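A structural walkthrough
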Amino acid sequence: MVDYLIVGLGLAGIAFCERLEEHGKTFIVINDDSQTSSNIAGGLYNPVILKRFNLAWKAHEQIGLAKNFYKSLEVKLGVTLDHKVPVLRIFASVEEQNLWFEAADKQKLQPYLSTKLLPNTNPCLNAQFGFGEVLNTGRVDTQKLVKTYSGYLTNKKVLFEETFNFDDLKTGAKGVSYRTVNAKRIVFATGFGLKKNKYFNYLPLNGTKGELLTIKAPILKEERVIKSSVFIIPVGNDLYRIGATYKWKDKNNEPTSEARLELLTKLETFLNCDYKIVNHVAGIRPTVADRRPLVGKHPVLDHIYLLNGFGSRGVMIAPYASNQLYEYIEHGGQIDPEMDIARYEKAYIKV
Ligand SMILES: Cc1cc2nc3c(=O)[nH]c(=O)nc-3n(C[C@H](O)[C@H](O)[C@H](O)COP(=O)(O)OP(=O)(O)OC[C@H]3O[C@@H](n4cnc5c(N)ncnc54)[C@H](O)[C@@H]3O)c2cc1C
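Below or above, wherever it landed, is the structure these notes cover. (Residues numbered from 1 in each chain as written. Predicted model: local features only at pLDDT ≥ 70, side-chain atom pairs only at ≥ 80, totals over all residues. Heavy atoms only, no water.)

Of regular secondary structure, the protein chain possesses eight helices and 20 strands. Over its C-alpha trace the protein chain gives a radius of gyration of 21 Å, about what one expects of a compact globule, namely 20 Å for 351 residues. Principal axes of the C-alpha set define a box for the protein chain whose edges measure 65 × 40 × 40 Å. Taken across its 351 residues, the protein chain has 53% of its residues classed as buried. A sequence separation of at least 24 residues applies to 72% of the contacts in the protein chain between residues at least 6 apart. Put simply, the protein chain shows about 16400 Å² of open surface, and 51% of that area lies on carbon and sulfur atoms. Charged side chains in the protein chain number 46 positive and 37 negative. The centres of these two groups are separated by 1 Å. (Helix = DSSP H or I, 4+ residues; strand = E, 2+ residues; numbered from the N terminus. Rg over C-alpha atoms; globule rule 2.2 N^0.38 Å. Buried < 20%, exposed > 50% of the residue type's maximum accessible area, 1.4 Å probe, protein only. Contact = heavy atoms within 4.5 Å. Areas by Shrake-Rupley, 256 points an atom, 1.4 Å probe, with all protein chains shown as cover. Lys, Arg positive; Asp, Glu negative; His and termini not counted. Charge placed at Lys NZ, Arg CZ, Asp CG, Glu CD.)

The strand order across the open sheet built from three strands is S3-S9-S6, with neighbouring strands paired in antiparallel fashion. The open sheet terminates on both sides in strands that have one partner only, identified here as strand S3 (44-45) and strand S6 (82-83). Judged from the two bridges that link them, S6 and strand S9 (residues 138-140) form a sheet pairing that is antiparallel. Each residue of the ladder has a partner; that of Asp82, found in S9, is Val140. (Pairing = 2+ DSSP bridges.)

Before going further, it helps to examine the site of the ligand. Around the ligand, a shell composed of 38 residues is seen, among which Asn31, Asp32, Ser38, Phe164 and Gly311 lie nearest. Residue Gln35 places a main-chain N or O atom 3.0 Å away from an oxygen atom belonging to the ligand. When isolated, the ligand has an accessible area of 1000 Å², and the protein chains bury 94% of it. Counting only elements with at least two residues in the shell around the ligand, the list comes to helix H1 (11-22), strand S2 (27-31), helix H2 (37-40), strand S14 (208-216), strand S18 (276-285) and helix H7 (314-331). Taken together, the residues that form the shell around the ligand break down as 14 nonpolar, 18 polar and six charged. (Near = heavy atom within 4 Å. Polar contact = N/O pair within 3.5 Å; in protein donor to acceptor, adjacent residues only side chain to side chain. Nonpolar A, V, L, I, M, F, W, Y, C, P; charged D, E, K, R; others polar.)

Right, let's get into the environment of Asn136. Considering the arrangement of structural elements, one finds Asn136 in the loop between strand S8 (131-134) and S9. Asn136 sits 27 residues away from Leu109 along the chain, and the two C-alpha atoms are 11 Å apart. When sequence neighbours within four positions are dropped, the list of residues in contact with Asn136 reads Tyr45, Pro47, Ile63, Lys67, Pro111 and Tyr112.

The strand order across the open sheet formed by seven strands is S8-S7-S15-S16-S17-S14-S18, and the pairing between neighbours is mixed. In this open sheet, the two edge strands, each paired with only one partner strand, are S8 and S18. Averaged over all pairs of adjacent strands, the angle between strand axes in this sheet comes to 25 degrees, irrespective of strand direction. Where S14 meets strand S17 (residues 239-243), five bridges bridge the pair, whose relative direction is antiparallel. In the sheet register, Ile215 faces S17, and the bridge partner there is Tyr240. Its contacts with the sheet place helix H6 (residues 257-267) against S14, strand S16 (231-236), S17 and S18, and it is angled at close to 60 degrees to S14. (Axes fitted to C-alpha atoms, helices over the stretch in contact; angles between N-to-C directions.)

A few words on the side chain of Asn308. For Asn308, the location among the structural elements is in strand S20 (residues 304-308). Reaching out from Asn308, the side chain makes a polar contact with the backbone oxygen of Gly191 at a distance of 2.9 Å. In contact with Asn308, other than residues within four places in its own chain, are Thr190, Gly191, Leu194, Leu205, Pro286, Pro293 and Leu294.

With their axes 8 Å apart at the nearest point, H1 and H7 run at an angle of 45 degrees to one another. As judged from the angle between their axes, H1 and H7 are oblique. Classified by chirality, the crossing of H7 by H1 is right-handed. On H7, the residues touching Leu11, Ala15, Phe16, Arg19 and Leu20 of H1 are Gly314, Val315, Ala318, Pro319, Ser322, Asn323, Leu325, Tyr326 and Ile329. Across the contact of H1 with H7, the residue classes tally to 10 nonpolar, three polar and one charged. (Parallel < 35°, antiparallel > 145°, perpendicular 65-115°, else oblique. Left-handed = near helix turned anticlockwise from the far one by under 90°.)

The nonpolar side chains of soluble globular proteins are, as a tendency, buried together. One finds Phe16 and Leu307 to be the most contacted residues of the largest nonpolar core, which totals 63 residues. With nine residues, H7 is the single largest residue contributor to this core. Dropping the residues within four chain positions of it, Phe16 is found in contact with Tyr4, Ile6, Val187, Leu307, Ser322, Leu325, Tyr326 and Ile329. One finds Val7, Ile28, Phe164 and Val176 within the second-largest nonpolar core, a separate group that totals 28 residues. (Core = buried A, V, L, I, M, F, W, Y, C linked by side-chain atoms within 4.5 Å.)

Once that is clear, we can look at the environment of Ala12. Within the element layout of this structure, Ala12 appears in helix H1. Counting along the chain gives 210 residues from Ala12 to Glu222, while the straight-line C-alpha distance between them is 31 Å.

Okay, the pattern of salt bridges next. In this structure the tally under the stated criterion is 22 salt bridges. Across the pair Lys184 and Asp3 runs a salt bridge, and its minimum N-O distance is 2.9 Å. Here Asp3 lies in strand S1 (residues 2-7) and Lys184 lies in strand S13 (residues 181-188), a separation of 181 residues in the sequence. Since its relative accessible area comes to 37%, Lys184 is described here as partly exposed. When its relative accessible area of 12% is taken as the criterion, Asp3 is described as buried. Salt-bridge contacts for Glu21 lead to Lys156; the nearest nitrogen and oxygen are separated by 2.2 Å. Of this pair, Glu21 sits in helix H1 while Lys156 sits in the loop between helix H5 (142-155) and strand S10 (159-161), and the two are 135 residues apart along the sequence. (Salt bridge = Lys/Arg side-chain N within 4 Å of Asp/Glu carboxyl O.)

Below, the structure is given as structure tokens:
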């Protein structure tokens, strides 16, 4: 009998495993490669929504937790994951500069929006109105995290790389059993894979496909993240990730020529140097109708829990949401009502 069975090892599954390790709980993880979101993400953490200069949902509560979380993972796994790069927002006009400085005056945004107007000194970028700098930002190498963490769990012999089969799950008074594993509880952290989960597929997880390109641009020589209609994210060795797209209809992980064209068209409005495309990836963000995570216990079945719905902000939300789920299960803590799946209980009754 283990304490937990976890299905899914993206950012959600990893963050929950870390809570368990911290508290000396035993667990088994089952994970397949049907979803790619955590593997291909841009990995940015940035407390500000750069379209309207608003604070992202609970950003203030999440940012410190997130930084500590990735720092302790770096120590534990012996790899560098958190690259503390600034994010620069290109201003399109003087009006936009004014909106930025108005926002930067607000108490809530003061820790995150610099009040200096940065002039553009990079000849490869079109940014005649300069940049605003977001503070407390960075990039987590999520691909390296997933790979290294999978290796870590494989060495501990607690990771099974296979697809979870719902027909083999039995629930009982004392916990659940899955094939040869008995566990006190099961936590599903399967991202968009939730669609195939008969216990939770009543929830309004829409999913938003996103695509990213990687380009090689030897003369760009930019070390900061640049945000205009798309992000330019430096990842070293003259490589930059360009993204991302948002599509609501297409629900597969295949890169498309339409997205590639869209990204390049946007990129070329503010980049004017030679580059070569070296990679193109796609994945489905686990986005929810009301744009809040999906966390909590199954409406009627004991021992079955969910950690999902991180949308386009998994890097910052994963440590915050996993803490709350753990405290709720182990100590009866309260899950933030905005992300508790209890808000959709009526939808469950209807099914
Ligand atoms: C193009 C793109 C760019 C992004 N950029 C950023 C960014 O810059 N910053 C940021 O914070 N977020 C970003 N995101 C969002 C971020 O990737 C997600 O919020 C986060 O990765 C979701 O993590 P997850 O663990 O919930 O889901 P996932 O990453 O989808 O992980 C779920 C895991 O469960 C597995 N699984 C599913 N079903 C089963 C099953 N039946 N059996 C076994 N295993 C199963 C999947 O294969 C997968 O390994 C981006 C997303 C995309 C698509």
